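# Reading the structure
Each chain, letter by letter, is given below.
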2 protein chains.
Amino acid sequence: MTYCVAISLDEGIIFASDSRTNAGIDLVSTYSKLYTFGIDGNRQFALLSAGNLGTTQAVVTQIKRDIKSNAEKNLYNMQYLSDAAEYLGIVSRQQQEKYSLPADSNNGFNPESTFILGGQIGTEPHGVFMIYPQGNFITVSMQTRYLQIGESKYGKPILDRIIKSTVSLEDAARCALVSMDSTMHSNVSVGPPVEILAYRKDALKFEDYLYFDADEAYLLGLRHAWDDNIKQAFSKLPSLQWGSFDKKLCGG
Amino acid sequence: MTYCVAISLDEGIIFASDSRTNAGIDLVSTYSKLYTFGIDGNRQFALLSAGNLGTTQAVVTQIKRDIKSNAEKNLYNMQYLSDAAEYLGIVSRQQQEKYSLPADSNNGFNPESTFILGGQIGTEPHGVFMIYPQGNFITVSMQTRYLQIGESKYGKPILDRIIKSTVSLEDAARCALVSMDSTMHSNVSVGPPVEILAYRKDALKFEDYLYFDADEAYLLGLRHAWDDNIKQAFSKLPSLQWGSFDKKLCGG
């Protein structure tokens, strides 16, 4: 599996990803799931991927080829971020269709990939999109400022509590790391290295980035601090007074 | 959906359940998912259920009929808790098979239910079992003292951090409530009332129980305290120093 999250804020965007891939429990590997494209001063894109690694690599290859050959539609000639999301959906479907099997040959193979694409084009607003395997896509809302792909549930509660559009990039990065750490703690298919990329609104280049191996001091420190702080937070909860058991209240 | 968790401790067992059922988003109802059976001083069982409500009710009805008719196998004449788990698996499969459709009639109907059964019989040790729709079952390990059914992922990280066999019943109950609250916060298909039942080792009766409506003061207080404490815990995390972006490190 995979866990990736992108958080869209007033100040810019945080992209976070793990690096574990597996095709069966004895075929576990490390692949970055963060890809970047861009022309400094003109436009920047970051892409996060979850799902079939063959599809992901084929999609990234096609994006690069389209840029290189200056195809009619490519990431470097689009005017709007939503056009880029639509283009990504088309490329993703094309690559999936090459390997799709007839519906009745249910052998468990699944070529689907899901993507998050974010960034900024010129003076257009920065933003993030999640592109489904079917090619359609969504962006964030005013209330829900993040998009997740892969093993998303374990790390969702902390995002729901902390993330608002006014949160700083640094706080959002720490929140993404806590979300990632909770996921790695509860699910072995999500694992380091962890990558965090920040995009600062209107910078039109990527500058701030973090790459954490499993034994990196800051990540270990954050993990221990969070574990301690959570235990403290738990110990400060209001104490509990039992009521008496009433069989009529419960199902019987 | 549903979220239920049972936590097996040195001191006894905590059972926790939500009460929301849904068969489509316009058919949302409230049903307790906690059922108890027992003879005070002799044996006690608590049952938590997730999945098809028809199957769950049919299983509970059959359990009660088997007790009433003093069937050859019923909860009141078994010697071991694992026999009770095996019996529950057989009853569950029988009820599911009544309504199972041919494999090729893929109309989305699913009669499956999953159960957690826990309690104590006489001088045998107390324990908990999760019974899968297929009828087989597992219990806890020394390291993993809890079993979850239904929408289990959102509430897992806090259990992983707090629960050990030496935790008190009161702390485990609070941890189950935090786990439940995180799940209700992130997933609308899990909802109040919340029930918590404690079984104290060797008591052979149920005494301590809590039933929380959505607006119950303790549950609201716990929710706000946890939210505040988490935000404080987050604000105390070590601050972050950005590194510079290196396109070679990420996927490209």
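Residues numbered from 1 in each chain as written. Chains lettered and ligands numbered in written order. Predicted model: local features only at pLDDT ≥ 70, side-chain atom pairs only at ≥ 80, totals over all residues. Heavy atoms only, no water.

### Remarks on the overall build of chain A
So the rule is basically this: Under the DSSP-based scheme used, a helix requires at least four consecutive residues in state H or I and a strand at least two consecutive residues in state E, with every element numbered from the N terminus. Throughout, exposure labels follow a simple rule: accessible area from a 1.4 Å probe, protein chains only, divided by the maximum for the residue type, with under 20% read as buried, over 50% as exposed, and the rest as partly exposed. Any pair of residues with heavy atoms lying within 4.5 Å of one another is described as a contacting pair. Here the accessible surface of atoms and residues is derived via Shrake-Rupley with a 1.4 Å probe, and residues count as covered only by protein chains that are part of the display.
When helices and strands are counted, chain A shows 5 helices and 13 strands. In terms of principal-axis extent, the alpha carbons of chain A reach across some 70 × 50 × 40 Å. For chain A, with 252 residues in total, the buried portion stands at 55%. Here the analysis covers contacts within chain A between residues at least 6 apart in sequence; of these, 61% occur between residues at least 24 apart. As presented, chain A carries roughly 11,000 Å² of accessible surface, and 49% of it is formed by carbon and sulfur atoms.

### Digging into the relation of the copies chain A and chain B
Basically, it comes down to this: Least squares is the method used to superpose the copies, on C-alpha atoms of residues holding a pLDDT of at least 70 in both.
At an RMSD of 0.0 Å, chain A and chain B line up after a rotation of 180° and a shift of 0.0 Å along the axis. Both copies are brought into coincidence by an operation consistent with a two-fold rotation axis. For chain A, the smallest separation between a C-alpha atom and the rotation axis is recorded for Tyr154 of chain A, amounting to 2.4 Å.

### Comments concerning the confidence of the model for chain A
The condition that has to hold: Note: pLDDT gives the predictor's confidence per residue, expressed from 0 to 100.
Looking at chain A as a whole, the pLDDT averages 93, with 98% of positions reaching at least 70. Taken over the whole predicted complex, pTM reads 0.89, whereas the ipTM for its chain interfaces reads 0.87.

### A few points about the sheet that holds strand E10 (residues 146-150) of chain B
Going by this rule: Paired strands, as defined in this entry, are two strands with at least two bridges between them according to DSSP.
As summarised here, the arrangement of the 6 strands in space is E13(A)-E12(B)-E11(B)-E2(B)-E1(B)-E10(B), forming an open sheet in which the pairing is antiparallel. This sheet does not close on itself; its edge strands, each paired only once, are strand E13 (243-244) of chain A together with E10 of chain B. In this sheet, strand E12 (residues 208-212) of chain B lies alongside E13 of chain A in antiparallel orientation, the contact comprising 2 bridges. By the bridge assignment for E12 of chain B, Ser244 of chain A is matched with Asp208 of chain B.

### Here's the deal with the interface of chain A and chain B
Convention followed: Here a salt bridge means any side-chain nitrogen of Lys or Arg lying within 4 Å of a carboxyl oxygen belonging to Asp or Glu. Pairing of N or O atoms within 3.5 Å defines a polar contact, subject to two protein rules: one partner must be a possible hydrogen donor and the other a possible acceptor, and residues neighboring in sequence count only if both atoms are side-chain atoms.
The interface is formed by 67 residues belonging to chain A together with 67 residues belonging to chain B. Between chain A and chain B we count 6 salt bridges in total. For the salt bridge of Arg161 of chain B with Asp227 of chain A, the shortest nitrogen-to-oxygen distance reads 3.0 Å. Where chain A touches chain B, the interface holds 26 residue pairs in polar contact (both at pLDDT 80 or more). At the level of elements, strand E5 (34-39), helix H3 (156-162), helix H4 (169-186), strand E11 (194-200), strand E12 (208-212), helix H5 (217-235) and E13 of chain A are the ones that each hand at least two residues to the side of chain A that touches chain B. In terms of residue count, the dominant contributor to the side of chain A that touches chain B is H5 of chain A (13 residues).

### Observations regarding the side chain of Thr21 of chain A
Looking at the secondary structure, you find Thr21 of chain A in strand E3 (residues 20-22). Filtering out sequence-adjacent residues up to four positions away, Thr21 of chain A remains in contact with Met1, Leu27, Val28, Ser29, Tyr31, Lys33 and Leu53 of chain A.

### Observations regarding the sheet that holds strand E9 (residues 137-139) of chain A
Residue and element names in this part refer to chain A. Defined as follows: The angle between two axes is taken between their N-to-C directions and runs from 0 to 180 degrees, where each axis is a line fitted to C-alpha atoms and a helix contributes only its stretch in contact.
With antiparallel pairing, the 5 strands of this open sheet are ordered in space as E5-E6-E7-E8-E9. Only two strands of the sheet have a single partner each, and these edge strands are E5 and E9. The average undirected angle you get between the axes of adjacent strands in this sheet is 20°. The sheet contacts of helix H1 (residues 53-68) involve E5, strand E6 (43-51) and strand E7 (113-121), and relative to E5 the element is tilted by about 10°. Packing against the sheet, helix H2 (residues 81-99) makes contact with E6, E7, strand E8 (127-131) and E9, and its axis sits at approximately 155° to E7.

### Side note on the environment of Ala84 of chain B
Residues and elements named next belong to chain B. Positionally, Ala84 belongs in helix H2 (residues 81-99). In this structure Ala84 comes out as buried when scored by relative accessible area, which is 0%. When the C-alpha atoms of Ala84 and Phe45 are compared, they prove to be 9.2 Å apart, with 39 residues separating the residues in sequence. What Ala84 contacts, discounting residues up to four positions off in sequence, is Phe45, Leu75, Met78 and Leu117.

### Some details on the pattern of salt bridges
A side chain of one charge can pair with a side chain of the opposite charge when the charged atoms of the two come close. For the structure shown, the criterion picks out 24 salt bridges over all chains. Across the pair Lys33 of chain B and Asp18 of chain B runs a salt bridge whose closest N-O atoms are separated by 2.9 Å. Of the two residues, Lys33 of chain B sits in the loop between strand E4 (28-30) and strand E5 (34-39) while Asp18 of chain B sits in the loop between strand E2 (12-17) and strand E3 (20-22), which places them 15 residues apart along the sequence. As far as the burial class goes, Lys33 of chain B and Asp18 of chain B line up, both buried. By sharing partners, the salt bridges in this structure join Arg161 of chain A together with Asp181, Arg223, Asp227 and Lys231 of chain B into a single network.

### Notes on unusual backbone geometry
The phi angle of most residues is negative, glycine excepted, and most peptide bonds adopt the trans form. Each neighbour pair has its own omega, and for Pro192 of chain A with Pro193 of chain A the value is -5°, a cis peptide bond. Backbone geometry at Asn70 of chain B places phi at a positive 50°, although glycine is not the residue there. With respect to the secondary-structure elements, Asn70 of chain B resides in the loop between helix H1 (53-68) and H2.

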